[in-house]
Every structure is written in structure tokens, then in C-alpha cells.
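Architecture at a glance
Okay, here's what each chain looks like letter by letter:
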Amino acid sequence: MSNPNWKRVVIKVGSALISPNQQGCSSHYLLSIAQFIVRCRANGTQVVLVSSGSVAAGAHLFPELEKSDIAIKKAMAAAGQTEMIATWDRLFDFPSAQILLTHADLRDRERYVSIRETIFSLLDNGVLPIVNENDTVTTDKLKVGDNDNLSAMVASAAEADALIICSDIDGLYDKNPHEHDDATLLKTVDNIDASIYAMAGGAVKGGVGTGGMRTKIEAAEKAVSHGIDTYIINGFTELSFNMLLNGENPGTHFKPHAKPMQENVHWMRHTSNAQGEVIVEGDFDAQLDSDAEQLTSSEIVDVKGEFSVGDTILVRKEDGTKLVKAKSNYSSCLLNFIANQENEEFANEFEEKTGPIISDQHIANLEKE
Ligand code: GLU
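As the structure is a prediction and not an experimental result, all values here were calculated from the model. (Residues numbered from 1 in each chain as written. Predicted model: local features only at pLDDT ≥ 70, side-chain atom pairs only at ≥ 80, totals over all residues. Heavy atoms only, no water.)

To continue, consider the overall build of the chain. A tally of regular secondary structure across the chain gives 13 helices and 13 strands. The principal-axis extent of the C-alpha atoms belonging to the chain is close to 70 × 45 × 45 Å. The buried share of the chain, taken over its 369 residues, is 51%. The contacts in the chain between residues at least 6 apart in sequence include a share of 72% that link residues at least 24 apart. Accessible surface computed for the chain: about 16,800 Å², of which carbon and sulfur atoms make up 46%. Both charge centroids of the chain, one from 32 positive and one from 54 negative side chains, sit 6 Å from each other. (Helix = DSSP H or I, 4+ residues; strand = E, 2+ residues; numbered from the N terminus. Buried < 20%, exposed > 50% of the residue type's maximum accessible area, 1.4 Å probe, protein only. Contact = heavy atoms within 4.5 Å. Areas by Shrake-Rupley, 256 points an atom, 1.4 Å probe, with all protein chains shown as cover. Lys, Arg positive; Asp, Glu negative; His and termini not counted. Charge placed at Lys NZ, Arg CZ, Asp CG, Glu CD.)

Written as C-alpha cells, this is what we have:
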């Protein structure tokens, strides 16, 4: 294995590798990936596979229909998913398990913990988890949208040591290699900043998958902040996998943060998404990460969006500075009521009885980033 200390890796495989010409699934490119998975497992490294391809694999079953129609896409995903899983399953002589997730599952802490437990149980019993987004049940609001970001969320949930994202090019180049002959491959990235995103270019590359280089960088950013070594490699060549198995870097290696976020803070920062916002006064400077109870209704200027008790909210200043993401102990309706109270004494008493506005669990401090 490329790093003998890796106990667990997540590998993300895109639609173009599974269904290169959208005529069902092909094992052509999957053989070397399957071989890699088999060898990792033989070396004692647990593997979680995040596989796209349901929509691409199901496309040929709906030849006469408008493929951009959302309902048809969902039907393609439902039909293609079985073929995709069957194709993978044929390549292994150990059992695999299908896990279909949505962002709504991952951002709910209880469901998230349940997903983690299931992944650990499967791995402990030698079963290969194969994860995809549950495209059939998701609306835009509920989905992650691309499996690059999903794979990073899964890698964090699974406490993976490495995330390997298969691409159709060798890694991240300093400029678009399809347009510039002198584009250079970055072998190592220590810090993901705006210049790295600028190299990645726009959101979608076209073709059968949803993501592009940008979503891969987003995924890398999520993973490295959780201490996960992340690689973008060319999934179309067997050489990439042989190199990884020989301890070499075949693509771009994104180095993990030396001081990774705690799992629950990482979940709040990168997986949970805010259902609403609480705007506080400009001079508000409470240390929300160390004492959540310091946020009181008297500091609140505005409450935006609709949220329920337990939902994630973003607390920010009037000038737009993001302070924290945290769990609200109040609904938006109640918070509006209490924040708009003329009678401060009543508001104080109310808060004393009802408890702190934001929970002190899993607070992600955005200011320090
Ligand atoms: N979930 C989608 C599928 O299975 C793929 C999303 C993506 O390409 O990232 O077709």
C-alpha cells in the first residue's frame, strides 16, 4: 500500500469510468480499480468505494425521452443503480453493500452517526461499502449534487486516512491542459487557497458526470481539514493504481492539515448546512466556540430563513463576517419573537427559562479560518 499506516481509504470513481459511452456499464476501466481494491484489502487496508454511474448506466433504457427532464433522470438513476452495483459485485469475490445517501441524511446528526456505524460494521465484517447519492429521492435542496463532495463527506464519516479521487486527467494542472500545451501538473498541494481554485477553473467539465476539477478541489479541501491525505489521480490508467500500491504519488497529493478538526466540528463545518441565519451587532465579539451561551437575544439584529429547533444556523455580523455555524436551540419563529421584544427584562427571563440560543455542541468557528 502506498502508505503502510493507512488503515482505511475511500476511493471515488466517476460515471465516465463506469459507463464510458452511456450504453450500460462496462468493466473495461473498472478492472484495474477492482484490482487495486483487492490488493488494498489483502494488505489490511479497509476500502470504501464511492461510485457514480447510475444515471449514465440507466440512460440507454430511456432512449426516446428527454434526458434533461428531472423525473426521467431519477428513473435513469433508479434503473442504472442496480446495473452499476451488479457490475461492481461481479468483479469481487467478497460481498459488497449498497449505501444510498442524500445530503439530508448526512446533515442530520442522528442519521449521520447511524451511517458511520453502518460503514464501520460493514468494514469490520469484510464487506465492501459502495456509496452513491440517492438520486431518486432527492430534490436540489436535499442533495449533495456531486460525488466528489459526497466522497469527502463519506471519508470524514468513515474516519479514512486517505481519499483517492479518480479523474480523467492526471491531477491538478496550473492551467487547463486541454487548452495549454505548457500546463504543468502540481504534484503536491500544501494549502488549498483561491489560487488553487483558480487553477481548477469552472464547475462542470461536461460529459457524463456531474463534477469537474472544481468539485474535486472542494472535496480535497473538506478532506484535508479532517486530516485525510487526498489524491486526484487519472482513473483511466492502470499505472496510477500500481503507483499508489508502490507508495508513489501518481497525480496530485493534497497534504492533510497538521491539526485536523475534531470529527463533530468538521461535520458542522463541512457537512451540515445552515437552514437560516442570525445576524448579530457589529461589535459582538463573544467567543462563541468556547461559550455558546454568550449569544443572547439583545445582540440579535435580524433572523433570516425558517428553521426549527436543532437545525444548523449561521451566525454572522451585520457587515457579513461569518462567525460560527451552530445548532439552534430555538426555532426561527421563537427567535424572531424574542429578538424583537421591546421589554428586555421579559426577554432575559424568557431566555433564562428556555436556555441558551445556540447549543454548545459541534460549534464550527468560521472566523479563525
Ligand atoms: N449520483 C450520480 C450518478 O450516480 C453521479 C453524480 C456525479 O457524477 O458526481 O449518476
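Within the secondary structure layout, arginine 107 lies in helix 5 (residues 103–107). Sequence separation between arginine 107 and histidine 362 is 255 residues, and the spatial gap between their C-alpha atoms is 12 Å. Setting aside anything within four residues of it in sequence, one finds arginine 107 in contact with Lys141, Leu142, Trp267, Thr271, Ser272, Asn273 and Gln275. Among the polar contacts listed, one links the side chain of arginine 107 to the side chain of asparagine 273, at a separation of 3.4 Å. (Polar contact = N/O pair within 3.5 Å; in protein donor to acceptor, adjacent residues only side chain to side chain.)

Before going further, it helps to spend a moment on the sheet that holds strand 10 (residues 300–304). The strand order 10-9-11-12-13 describes an open sheet built from five strands, whose pairing is mixed. The open sheet has two free edges, formed respectively by strand 10 and strand 13 (364–365), since each of these has just one partner strand. Two elements, strand 11 (residues 312–317) and strand 12 (residues 322–327), share five bridges in a ladder whose sense is antiparallel. Opposite leucine 314, over in strand 12, you have lysine 325 as the bridge partner. Those strands touched by helix 11 (residues 263–271) are strand 11, strand 12 and strand 13, and its axis lies near 110° from that of strand 12. (Pairing = 2+ DSSP bridges. Axes fitted to C-alpha atoms, helices over the stretch in contact; angles between N-to-C directions.)

Note that valine 48 resides in strand 2 (residues 46–51). You can call valine 48 buried: its relative accessible area is 0%. C-alpha separation for the pair valine 48 and isoleucine 37, spaced 11 residues apart in sequence, amounts to 8.9 Å. Excluding residues that lie within four positions of it along the chain, valine 48 makes contacts with Val9, Val10, Ile11, Ile119, Leu123, Pro129, Val131, Val154 and Ala158.

A large share of strand 1 (residues 8–13) lies buried, amounting to six of its six residues. Burial along strand 1 is two-sided: Arg8, Val10 and Lys12 and Val9, Ile11 and Val13, pointing in opposite directions, are all buried. Bridge analysis of strand 1 against strand 2 gives six bridges, and the strand direction is parallel. Bridge pairing links valine 10 to valine 48 in strand 2. Direction of pairing for strand 1 relative to strand 5 (residues 162–167): parallel, over a ladder of four bridges. Bridging from a neighbouring strand, valine 10 pairs with leucine 163 of strand 5.

Moving on to the packing of helix 6 (residues 109–124) against helix 7 (residues 147–157). Here helix 6 crosses helix 7 at 75°, and the two axes come no closer than 9 Å. Put simply, helix 6 runs roughly perpendicular to helix 7. Contacts from Tyr112, Arg116, Ile119 and Phe120 of helix 6 reach helix 7 at Met153, Val154, Ser156 and Ala157. (Parallel < 35°, antiparallel > 145°, perpendicular 65-115°, else oblique.)

This next bit is on helix 11. Each α-helix turn comprises 3.6 residues. Residues three or four places apart therefore point the same way. Across the nine residues of helix 11, seven count as buried, placing the element largely inside the fold. Within helix 11, the full set of buried residues consists of Glu263, Val265, His266, Trp267, Met268, His270 and Thr271.

Mapped onto the fold, serine 167 is located in strand 5. The class of serine 167 is buried, set by a relative accessible area of 7%. In this structure the side chain of serine 167 is engaged in a polar contact, spanning 3.5 Å, whose partner is the side chain of aspartate 168. Leaving out residues up to four positions away in the same chain, serine 167 has contacts with Met213, Lys216, Ile232, Ile233, Asn234, Gly235 and Phe236.

With that out of the way, let us pick up the packing of helix 6 against helix 11. In contact at an axis separation of 12 Å, helix 6 and helix 11 are set at 120° when each is read in the N-to-C sense. In this structure, helix 6 meets helix 11 at a crossing whose hand is right-handed. Packed against helix 6, whose contacting residues are Arg109, Tyr112 and Arg116, the element helix 11 presents Glu263, Asn264, Trp267 and Thr271 at the interface. Per-class residue counts for the contact of helix 6 with helix 11 are two nonpolar, two polar and three charged. (Left-handed = near helix turned anticlockwise from the far one by under 90°. Nonpolar A, V, L, I, M, F, W, Y, C, P; charged D, E, K, R; others polar.)

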